[in-house]
Amino acid sequence: MFSSVSMCKTLKSCNVLFYKRNFSISTKLLNTDSSDASITSEKRGFAKSFEKQSQLLQEDSVPKHTFASLLRNSKLIDLGDPKDKIVIGKIFHVVEDDLYIDFGWKFHCVCTRPTNRKDDYVRGARVRIQIKDLELSSRFLGSNTDLTLLEADCKLLGIISSPIRPTTSEKSS
Amino acid sequence: MIRRCLILPLRNGISVCRNNSTAVAEQAESTQESNTPAKNPLDHPDYFQVHNLFTVKDLFDARVHFGHKEGSLNEFMTPYIYGSRQGHLIFDLDITAEHLRKALNFTAHIAYRGGIVCFFNRNALNAHLVEKTAMECGEYAHTRFWRGGIFTNANHQFGAITRLPDLCIFLNTQNNILNQHTAVRDSAKLLIPTIGIVDSNCNPNLITYPVPGNDDTPVAIELYCKLFKAAITRGKEARMKFLQENN
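Predicted, not measured: the structure shown is a model, and the values here were computed from it. (Residues numbered from 1 in each chain as written. Chains lettered and ligands numbered in written order. Predicted model: local features only at pLDDT ≥ 70, side-chain atom pairs only at ≥ 80, totals over all residues. Heavy atoms only, no water.)

A. Spatial organisation of the interface of chain A and chain B. Chain A puts 28 residues into the contact, and the matching count from chain B is 28 residues. Interface area for chain A against chain B, summed over the two sides, is near 2400 Å², with a carbon-plus-sulfur share of 66%. At the boundary of chain A and chain B, one finds four salt bridges. With a shortest N-O distance of 3.1 Å, Lys106 of chain A and Asp216 of chain B are connected by a salt bridge. Linking chain A with chain B are 13 residue pairs in polar contact (both at pLDDT 80 or more), by the criterion used here. Secondary-structure elements contributing two or more residues to the side of chain A that touches chain B are helix H5 (67–72), helix H6 (75–79) and strand E6 (147–148) of chain A. Among the elements that take part in the side of chain A that touches chain B, H5 of chain A stands out by supplying four residues, more than any other. Within the side of chain A that touches chain B, the residues separate by chemical class into 13 nonpolar, eight polar and seven charged. (Contact = heavy atoms within 4.5 Å. Buried area = accessible area lost by both parts, 1.4 Å probe. Salt bridge = Lys/Arg side-chain N within 4 Å of Asp/Glu carboxyl O. Polar contact = N/O pair within 3.5 Å; in protein donor to acceptor, adjacent residues only side chain to side chain. Helix = DSSP H or I, 4+ residues; strand = E, 2+ residues; numbered from the N terminus. Nonpolar A, V, L, I, M, F, W, Y, C, P; charged D, E, K, R; others polar.)

So this is what it looks like as structure tokens:
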């Protein structure tokens, strides 16, 4: 008993180990058979954490494809409250001064072409946008259901990359 | 075929082994099948293996689970909704996958029997894609303005005896935000089976095989077009093979 206490004092997590050793000794008094096995197979310290970490890595490599897990790990859930979040979109259609930008959501957003670097905004350009509203829909007086515009409302912040001007790619989220 | 015995304990403890009533019939059928190699495709739950055409992950990547906001929810769509995230509804893709499998199976069977399929889509964003898909699989599409009596007054409007489609596939059941497509109601009147992609603001009641899912994103419509085209092609190939074997 006294030897174990002196050993523990040298270790940082002495309190934990002290209680652990106490527990293992008490079980030894009660059941002799199981305690021997538990003391020898029980790994402590670095060995235990190494085992735990390697098991964690193995679990991550197996992909789960249930809908619930796919949704939970999706970008939509990562977004949280979509208002004022900045995302990356891609221009898929251009009509004179209107840019139709798709950012991975159900709807696209339409933004007007900005004045600086206006010629870089072509089909296939990647842009940064700030989400104001994911779907422009509201209930008007006298109607049972909402009226949707089938569009998202976003503010165009700037360009990331454009097929017109091939530059070194900036850091993308 | 394993005979299934039901052991029923009687009052005095003597048990009677009774054969499953269909076991004898199954054996007779199996002997019949071995004599005549032609199987009836309707007996098989998935004769054309359309269940292998997609996975839930494919649906997820094609953004099929996105719905509209809670304010525009049609009350009849509530059983298909998984939940709502920040006011935006999410479809339960397990339910969607099951409905889509049934719809694809039905499409393949209709194509196998030589039926005419007509695609409908009133969303201008995807109209060209739908027309191209219909052309590629040798079927028909109607993505323009629908005159009132095309189905109900067909002989008069087209001037000759017309054959109506045997299946209508609606990739978008709405005509515009406010109204449902007239062809949904007219197909029901004329007993034409319909398959429809119903979004959270659509009414699934009149559609024979509703498939709850996103109908606004071009990626989702592309996926549906690809799946229906594959199902129709499989049905037609099986039909060609059957006709060649018997001629």
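Now that the structure has been shown, we can carry on.
B. Fine view of the sheet that holds strand E9 (residues 194–198) of chain B. All names here are of chain B. Strands sit in the order E7-E6-E8-E9-E10 across an open sheet of five strands; the sheet is parallel. Bordering the open sheet on either side are strand E7 (140–142) and strand E10 (209–212), each of which pairs with just one other strand. Along the sheet, successive strands turn relative to each other by an average axial angle of 20°, direction set aside. In the sheet, E9 pairs with E10 via four bridges, with the strands oriented parallel. (Pairing = 2+ DSSP bridges. Axes fitted to C-alpha atoms, helices over the stretch in contact; angles between N-to-C directions.)

C. Expanded view of unusual backbone geometry. Within the chain, Arg117 of chain A stands out as a residue other than glycine whose phi angle is a positive 55°. Inspection of the secondary structure assignment puts Arg117 of chain A in the loop between strand E3 (108–112) and strand E4 (126–133).

D. Representation of the pairing of E9 of chain B. All names here are of chain B. Across the five residues that make up E9, a large majority, five, are buried. What you see with E9 is no split at all: Thr194, Gly196 and Val198 on one side and Ile195 and Ile197 on the other are buried throughout. Strand direction decides the pairing type here: strand E8 (residues 167–170) and E9, joined by three bridges, are parallel. Following the sheet pairing, Phe170 is matched in E9 by Gly196. Crossover handedness for the path E8 to helix H6 (residues 182–189) to E9: right-handed. (Buried < 20%, exposed > 50% of the residue type's maximum accessible area, 1.4 Å probe, protein only. Right-handed = clockwise from strand over helix to strand, strands pointing away.)

E. Here's a closer look at helix H4 (residues 127–136) of chain B. Residues and elements named next belong to chain B. Buried within H4 are the following residues: Ala127, Val130, Thr133 and Ala134. All buried residues of H4 project into a common sector of 130° when viewed along the axis, lining one side. Residues of H4 that are exposed and angled more than 90 degrees away from the buried face: His128 and Met135. Contacts from the buried residues of H4 go to strand E6 (117–120), E7 and helix H7 (218–246). Gly138 sits one or two residues past H4 and shows a positive phi near 75°. (Arc of directions from axis to C-beta.)

F. Quick look at the packing of H4 of chain B against H7 of chain B. All names here are of chain B. Two numbers describe how H4 lies on H7: the axes approach to 10 Å, and their chain directions differ by 10°. Overall, the two elements H4 and H7 adopt an arrangement that is roughly parallel. Here H4 contributes Leu129, Val130, Thr133 and Glu136 to the contact with H7, which in turn contributes Ile221, Glu222, Cys225 and Lys229. (Parallel < 35°, antiparallel > 145°, perpendicular 65-115°, else oblique.)

G. Spotlight on the environment of Leu206 of chain B. Residue and element names in this part refer to chain B. Examined against the element boundaries, Leu206 turns out to sit in the loop between E9 and E10. Residue Leu206 is classed as partly exposed on the basis of its relative accessible area, which comes to 42%. In sequence terms Leu206 and Thr194 are twelve residues apart; their C-alpha atoms lie 8.4 Å from each other. Excluding residues that lie within four positions of it along the chain, Leu206 makes contacts with Val184, Arg185, Ala188 and Thr194.

H. Quick peek at the layout of surface pockets. Residue and element names in this part refer to chain A. Volume-wise, the largest pocket comes out at about 600 Å³. Along the walls of the largest pocket sit 20 residues, with Lys75, Leu76, Val87, Phe103 and Gly104 positioned nearest its centre. Only H6 and strand E1 (86–95) provide two or more residues apiece to the lining of the largest pocket. Counting residues per element, the lining of the largest pocket draws most heavily on H6, which supplies four residues. Residue classes in the lining of the largest pocket are distributed as twelve nonpolar, four polar and four charged. (1 Å grid on protein atoms, 1.4 Å probe; cavity = no way out; pocket = protein on both sides within 12 Å on 5 of 7 lines; lining within 4 Å. Points joined across faces, edges and corners; volume = space filled by probe spheres on them.)

I. Expanded view of the pattern of salt bridges. Residues and elements named next belong to chain A. This model, assessed by the stated rule, comprises 17 salt bridges over all chains. Of the charged contacts, one joins Asp84 and Lys132 as a salt bridge, the two residues approaching to 3.4 Å between their closest N and O atoms. One end of the pair, Asp84, is in the loop between H6 and E1; the other, Lys132, is in strand E4, and 48 residues separate them in sequence. The exposure class assigned to Asp84 is partly exposed, which follows from its relative accessible area of 41%.

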